[in-house]
Amino acid sequence: MKSTPSKFGKTPHQPSMWTRADALKVHADDPTTTQPLVSANFPVLSDEVFIWDTMPLRDIDGNITSVDGWSVIFTLTADRHPNDPQYLDQNGNYDVIRDWNDRHGRAKMYYWFSRTGKDWKLGGRVMAEGVSPTVREWAGTPILLNEQGEVDLYYTAVTPGATIVKVRGRVVTTEHGVSLVGFEKVKPLFEADGKMYQTEAQNAFWGFRDPWPFRDPKDGKLYMLFEGNVAGERGSHKVGKAEIGDVPPGYEDVGNSRFQTACVGIAVARDEDGDDWEMLPPLLTAVGVNDQTERPHFVFQDGKYYLFTISHTFTYADGVTGPDGVYGFVADSLFGPYVPLNGSGLVLGNPSSQPFQTYSHCVMPNGLVTSFIDSVPTDDTGTQIRIGGTEAPTVGIKIKGQQTFVVAEYDYGYIPPMLDVTLK
Ligand code: FRU
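Scoring rules and cut-offs
Residues numbered from 1 in each chain as written. Predicted model: local features only at pLDDT ≥ 70, side-chain atom pairs only at ≥ 80, totals over all residues. Heavy atoms only, no water. Salt bridge = Lys/Arg side-chain N within 4 Å of Asp/Glu carboxyl O. Buried < 20%, exposed > 50% of the residue type's maximum accessible area, 1.4 Å probe, protein only. Helix = DSSP H or I, 4+ residues; strand = E, 2+ residues; numbered from the N terminus. Near = heavy atom within 4 Å. Polar contact = N/O pair within 3.5 Å; in protein donor to acceptor, adjacent residues only side chain to side chain. Areas by Shrake-Rupley, 256 points an atom, 1.4 Å probe, with all protein chains shown as cover. Nonpolar A, V, L, I, M, F, W, Y, C, P; charged D, E, K, R; others polar. Pairing = 2+ DSSP bridges. Axes fitted to C-alpha atoms, helices over the stretch in contact; angles between N-to-C directions. Phe/Tyr/Trp six-rings, centres within 6.5 Å; stacked < 30°, edge-to-face > 60°. Lys NZ or Arg CZ within 6 Å of the ring centre and 35° of its normal. Contact = heavy atoms within 4.5 Å. Core = buried A, V, L, I, M, F, W, Y, C linked by side-chain atoms within 4.5 Å.

Colleague: Would you explain the pattern of salt bridges in this entry?
Modeller: One side chain can pair with another of opposite charge once the charged atoms of both are near each other. All told, the structure shown has 15 salt bridges when counted by the stated rule. With a closest N to O distance of 3.2 Å, D95 and R98 form a salt bridge. What makes D95 partly exposed here is its relative accessible area of 22%. A salt bridge links D152 to R168, with the nearest nitrogen and oxygen atoms 2.7 Å apart. Of this pair, D152 sits in strand β8 (residues 150-158) while R168 sits in strand β9 (residues 162-173), placing them 16 residues apart in sequence. Connected through shared salt-bridge partners, D152, K166, R168 and D275 make up one network.

Colleague: How should I be thinking about the site of the ligand in this particular structure?
Modeller: Not every one of the 13 residues close to the ligand is listed here, only the nearest: D53, H104, R209, D210 and E294. In the environment of the ligand, an oxygen atom lies 2.9 Å from a nitrogen or oxygen atom belonging to the side chain of R209. The fraction of the free accessible surface of the ligand (320 Å²) that becomes covered by protein chains is 95%. The set of elements that each furnish at least two residues to the shell around the ligand consists of β2 (49-56), β7 (136-144), β11 (209-215) and β20 (358-363). Its residues assigned to classes, the shell around the ligand shows 6 nonpolar, 2 polar and 5 charged.

Colleague: What should I look at first to understand the sheet that holds strand β10 (residues 178-190) in this one?
Modeller: Working definition: the strands of a sheet are paired by backbone hydrogen bonds and lie parallel or antiparallel to each other. The 4 strands are arranged β7-β8-β9-β10 in an open sheet whose pairing can be described as antiparallel. With partners counted over all chains shown, the strands left at the sheet margins are β7 and β10, one partner each. Each neighbouring strand pair of the sheet contributes to a mean axis angle of 25 degrees, computed without reference to strand direction. Where β8 meets β9, 9 bridges bridge the pair, whose relative direction is antiparallel.

Colleague: What is the right way to look at the packing of aromatic side chains in this model?
Modeller: Centre distance and the angle of the planes are the two values used to describe a pair of aromatic rings. Per the counting criterion, the structure on display carries 25 aromatic pairs. Their ring planes at 75 degrees and their centres at 6.1 Å tell us that F190 and F208 sit as a pair that is edge-to-face. Pair noted here: F190 is in strand β10 and F208 is in the loop between β10 and β11, with a separation of 18 residues, a long-range link. Across the pair, exposure class does not vary: F190 and F208 are buried alike. When the centroid spacing of 6.2 Å and the interplanar angle of 65 degrees are considered together, the rings of Y316 and Y327 count as edge-to-face. With Y316 in the loop between β16 (304-311) and β17 (325-331) and Y327 in strand β17, this residue pair connects regions lying 11 residues apart in the sequence. We classify Y316 as buried; its relative accessible area is 7%. Lying across the ring of W100, R103 places its NZ or CZ 3.6 Å from the centre.

Colleague: Even after reading the chapter, I still don't get the sheet that holds strand β13 (residues 261-269), so can you show me in this structure?
Modeller: Ordered by their spatial adjacency, 5 strands build an open sheet running β1-β14-β13-β12-β11, and the pairing between neighbours is mixed. Edge positions in the open sheet fall to β1 (16-17) and β11, since each of these has one partner strand only. Of the strand pairs in this sheet, strand β12 (residues 222-229) and β13 are connected by 7 bridges, and their pairing is antiparallel. Each bridged residue has a counterpart across the sheet, and for Y223 the counterpart in β13 is V268.

Colleague: I would appreciate a short explanation of unusual backbone geometry in the present structure.
Modeller: The phi angle of most residues is negative, glycine excepted, and most peptide bonds adopt the trans form. Across the junction of T159 and P160, the peptide omega takes the value 0 degrees, indicating a cis bond. Here P160 shows up in the loop between β8 and β9. Residues G336 and P337 are joined by a peptide bond in cis, for which omega reads 5 degrees. Phi angles above zero are rare outside glycine, and D210 is one such case at about 65 degrees. On the secondary structure map, D210 appears in strand β11. Note on D210: relative accessible area 5%, which makes it buried.

Colleague: Looking at this model, I keep getting lost on the environment of V151. Mind explaining?
Modeller: With respect to the element layout, V151 can be found in strand β8. It is 33 Å that separates the C-alpha atoms of V151 and V38, two residues lying 113 residues apart in sequence. When neighbours within four sequence positions are excluded, V151 is seen to be in contact with L57, F74, P142, I143, L144, L145, V167, R168, G169, R170, V171 and F183.

Colleague: Sorry, what's going on with the nonpolar core here?
Modeller: Grouped burial of nonpolar side chains is what soluble globular proteins tend to show. Core analysis: the largest hydrophobic core is formed by 78 residues, its most contacted members being F74 and F190. With residues near it in sequence (within four places) discarded, F74 still touches D53, T54, M55, L57, M109, Y110, Y111, V126, P142, V151, L153 and L180. With 29 residues, the next largest nonpolar core counts W212, A262, Y316 and F329 among its residues.

Colleague: Explain the environment of L144 to me, please; I cannot follow it from the model alone.
Modeller: The residue L144 is located in strand β7 in this model. When the C-alpha atoms of L144 and I60 are compared, they prove to be 7.4 Å apart, with 84 residues separating the residues in sequence. Not counting the four nearest positions on each side in its chain, L144 is found in contact with L57, R58, D59, T65, V67, G149, E150, V151, V171 and V421.

Colleague: What exactly am I supposed to notice about the side chain of R209 here?
Modeller: By secondary structure assignment, the location of R209 is in strand β11. Among the residues examined, R209 registers a relative accessible area of 11% and is labelled buried. Polar side-chain contacts of R209 include one of 2.6 Å to the side chain of E294.

Colleague: Quick question: what am I supposed to make of the side chain of H237 here?
Modeller: Inspection of the secondary structure puts H237 in the loop between β12 and α3 (241-244). The class of H237 is buried, set by a relative accessible area of 9%. For H237, the side chain forms a polar contact with the main-chain oxygen of V230, separated by 2.9 Å. At 2.9 Å, the side chain of H237 and the backbone oxygen of A231 are in polar contact. Setting aside anything within four residues of it in sequence, one finds H237 in contact with Q198, V230, A231, G232, R258, T261 and V287.

In C-alpha cells form, the structure reads like this:
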C-alpha cells in the first residue's frame, strides 16, 4: 500500500492482512465458533416490516446505553408487501423471498424501544421522507452524546453513490415510550477517495459504508471504522506472497482471487464534534481472501483492541471459504498489527445445515452478540425456507486472549443496556 500524507506527518501504520493461510484455518461447525441452530418457529417483531442490521444506541466508548430506563435500537427496515401485485407469484401467492431479497433498495432507518432489552416496540422512521439525500439509508451507528439526549446518527447514504453522513437529533422519553425528534439535517462527511479506498468508478461492486465512530481508550482521540475495498481498478490487485501467507505445498494457486479486495477502513476526526474527518490507510485488508468486511466494530477489553467484522460465504475468494457470520482480529494497539482470533478469524458462523440462518452480527462489550434472522430451512432437504426479517436469539461469547468461545444463548433480540443515562 502506498503511503499517503496525513496530519500525522507520515502514514501511521501498515495495514494488517487477513491472509489466505489464515482463512484456510476457517472451519464451519466447530461448536466453539458456531451459532446454535435457530428454530424455524421464531417469532417476528412485525408483520408490516422486515428488519435486518440492528444498531443499539451506545455511547462513544461503545457501551450500550438506555435512557431513563428505555433501551433503544435502530434497524435497517423495509415494508413487507404481502398484497402488492408486484410481489405475487404465478399462483397469486406472496413471493416473500423476492420481497426480502429486494429490501436493500428501499432500506430506511427505523427505531424501536423497550423496557426489558427485548420485546421491542416500533417507534417509527428516524428521518422523515425527503430528509436523507439518497434512496437508501444503510447501516451506521447511533451515538448518545449527552444527558440532554442528543444523538448523532452516523450512517451511509447510498444510491446515488455511497457517502458516510451524520444527522443529529434527540431522544425524548415519557412514561409510555420513546420518540426521536430532530434528525432533519444530514451532513455529508466523506466518500471513497480512489487512493486508499476503492471508488464506484474503479469497481461497480465497490463497498464503502457502515461507519462506527469511537474514542480510542488509549489516545483519547475520535476515530471511525468503516467498510471499504482497497483502492485500484477492479482486477488490478496483486495477490502475492504476503496476501497468501504461509500455505502448505499445493495451495499457492490463487485463481481469480484478485477480485476480492475487502478492507476495514479508519478515519480520524480533526474536531471534537466529529464533523471533519481524515481518512487513513485501512487497518486490515483481505485482498485475495474476501470481498466484504462489513459493519466493522470494536470491543475494548483487557487493554486490547478486538476488531469484529461480518462477512459472507459468497464473498470469499477462489480456494478459501467460510460461513456467513462474524470474524475477529486482535491487537495491542489501535493501528495493529492485528492477528486473527482463533487462528482463522472466525468467531461466530452459521452452522452448515442452516447457512443463512443469521447475519449482521454485532459483538457488544458485554460479550453478547446480536444478529438478525435471514432464512431458516423448514424441511430436511433445505429447499423450503422461512424468511426472517426479525431479530435472532442473542448469543453470548467469551473473549479470552486470542480466542473466543460460544458460551450462552439468550432470547430473541435481547440487547440489555450496559448503562442507563437519566436525561436532564
Ligand atoms: C450488512 C449490510 C451492510 C449495509 C446493509 C445494506 O447486512 O450489507 O453492510 O449497510 O446491509 O442493506
